[in-house]
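# Chain and residue survey
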Amino acid sequence: MIRIPKIVYEKFLRFALENANPLDSRDWKECIGLVLGRIKEEEILVTDIVPIGSGTAVFVDIADYEKVFSLISPSRIDHGEVIVGWAHTHPGLGLFLSGTDIHTQQMYQQMHPKAFALVLDPTKISPEFSGFNIFRLDEFGSNPTTVDYSFDEHCDFFTIRETLISELYLVPPVLKPPAIISESEVLWNGIRIILSGDKESLINQFFQVKLVVDLPFRQFIRIEYQTETDNVTDNPFTRKLLYQKILYHETITSGTLGIFSFRPTNIGTVHFRINNIFLTDYRQSLQKMPDLQFKTEVQGK
Ligand SMILES: [Zn+2]
């Protein structure tokens, strides 16, 4: 088992996002870092990920490694920290080891058989998934297999990423009007839309809309819906939420069907609509629901 502190994850994710602005995918760069840690029998405790470079080619030539190792202070090595692997990013590309990555990983595993490769794709992050996998090669130095890992504390990975994006890229708004936002809901036959946002929310901060189902008893349902918003920012994360169609097919009494977040672009009204909701019960009879709309005012003084 590999254990990773939340703070180390945040540090490497920050490095990844600095080189892959999620609001603009034209100039994404891959990043690479060395993973330090302590090995205790079957467990590896990661202590740090030291950034060593970024660029379109993430392969770091073996010749560079002497230089790289000199970045790690001797006192750290005295405290039992060793290089336990390497980490790099595949922004928007998915989680796998490329041919070049396998070659690099062979070298690490020759140095230490437990050395691993961590691959992070920040676009894969969800509230429950960190966006990375850890790999090792089999005894023949070829097939990569994933290795289990855990965190030292509970992490809401999506919130961590969104907070870092806000810190790194969102310019504070020129206008700072207090927005009139309160937790509100719209109800229709067990389907609720809940809007949550800070009462002090400003332009360009996130709002969250949650679509929740609450049924009087456990039953089989199938839900199909589409959403639309306007007056929200044009960025890769919100854009794909402008129009979404999800099939939800389960026996439940309650649950969250979807979470949408967006930022208002200006003072005005944000519209969030859920259209064409269908719900079927266990008899497969189809009920069409009316459009559910949510409208919120973002106002100046
Ligand atoms: Zn790679």
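Residue positions are counted from 1 within each chain, in the order its sequence is given. Local features are withheld for residues below a pLDDT of 70 in this predicted model, meaning they are given only at 70 or higher, and side-chain atom pairs are given and counted only at 80 or more; totals for whole chains, interfaces and linings count all residues.

### Here we look at the overall build of the protein chain
- Think of it this way: any DSSP run of H or I at least four residues long counts as a helix, any run of E at least two long counts as a strand, and we number them from the N terminus. In terms of regular secondary structure, the protein chain is built from 6 helices and 15 strands.
- Exposure is read from a count of other C-beta atoms within 10 Å of each residue's own; the residue is exposed at 12 or fewer, buried at 20 or more and partly exposed in between. C-beta atoms are placed from the backbone. Counting every position in the protein chain, which comprises 301 residues, the buried fraction comes to 26%.
- A separation threshold of at least 6 residues defines the contact pool for the protein chain, and within that pool the share at least 24 residues apart is 69%. Contact between two residues is assigned whenever their backbone-derived C-beta positions fall within 7 Å.

### Digging into the nonpolar core
- For this entry, the nonpolar core is defined as buried Ala, Val, Leu, Ile, Met, Phe, Trp, Tyr and Cys residues connected by C-beta atoms within 7 Å. If you look at the biggest cluster of nonpolar residues, it comprises 31 residues, and the most contacted ones within it are F12, A16, V35 and L118.
- Counting only elements with at least two residues in this core, the list comes to α1 (6–18), β2 (30–40), β3 (43–55), β4 (82–89), β5 (116–120) and β6 (132–137).
- Counting residues per element, this core draws most heavily on α1, which supplies 7 residues.
- Other than its neighbours up to four places away in sequence, F12 contacts G33, I49, A87 and L120.

### Here we look at the pairing of β4
- Among the 8 residues that make up β4, 6 are buried, leaving the element largely enclosed by the rest of the structure.
- The rule for pairing is simple: two strands pair if DSSP sees at least two bridges between them. As paired strands, β2 and β4 are joined by 6 bridges and run antiparallel to one another. Paired with G33 across the strands is A87, a residue of β4.
- Where β4 lies against β5, 5 bridges are found, and the strand directions are parallel.

### Here we look at the confidence of the model for the protein chain
- You can read pLDDT as the predictor saying how much it trusts each residue, on a scale of 0 to 100. Counting all residues, the mean pLDDT for the protein chain is 75, and 55% of those residues have values of 70 or more.
- Counting contacts from residues 235–243, a segment whose pLDDT is below 50, to residues more than four positions away or on other chains yields 18 contacts.

### Comments concerning the sheet that holds strand β7 (residues 144–146)
- Strand order in the open sheet formed by 8 strands is β7-β6-β5-β4-β2-β3-β1-β8, with mixed pairing between adjacent strands. Each edge of the open sheet is held by one strand with a lone partner, namely β7 and β8 (149–151). If you compare each strand with its neighbour and ignore which way they point, the axes differ by 35 degrees on average.
- The sheet contacts of α1 involve β1 (2–4), β2, β3, β4, β5 and β8, and relative to β3 the element is tilted by about 15 degrees.
- Here the axes come from fitting lines to C-alpha atoms, over the contacting stretch only for helices, and the angles between their N-to-C directions go from 0 to 180 degrees. Helix α4 (residues 99–111) contacts β4, β5, β6 and β7 of the sheet and is inclined by roughly 65 degrees relative to β6.

### Side note on the environment of I39
- Counting through the fold element by element, I39 comes out in strand β2.
- Along the backbone, I39 and G80 are 41 residues apart, and their C-alpha atoms lie at a distance of 8.7 Å.
- Setting aside its immediate chain neighbours within four residues, I39 contacts I44, V82, V84 and K114.

### A short note on the pairing of β3
- Across 2 bridges, β1 lies against β3 in parallel orientation. By the bridge assignment, I2 is partnered in β3 with I44.
- Examined bridge by bridge, β2 and β3 share 11 bridges and lie antiparallel to one another. Across the sheet, residue C31 finds its bridge partner in β3, namely S54.
- Between β2 and β3, which pair antiparallel in sequence order, lie 2 residues; one of them, E41, sits at a positive phi of approximately 50 degrees.

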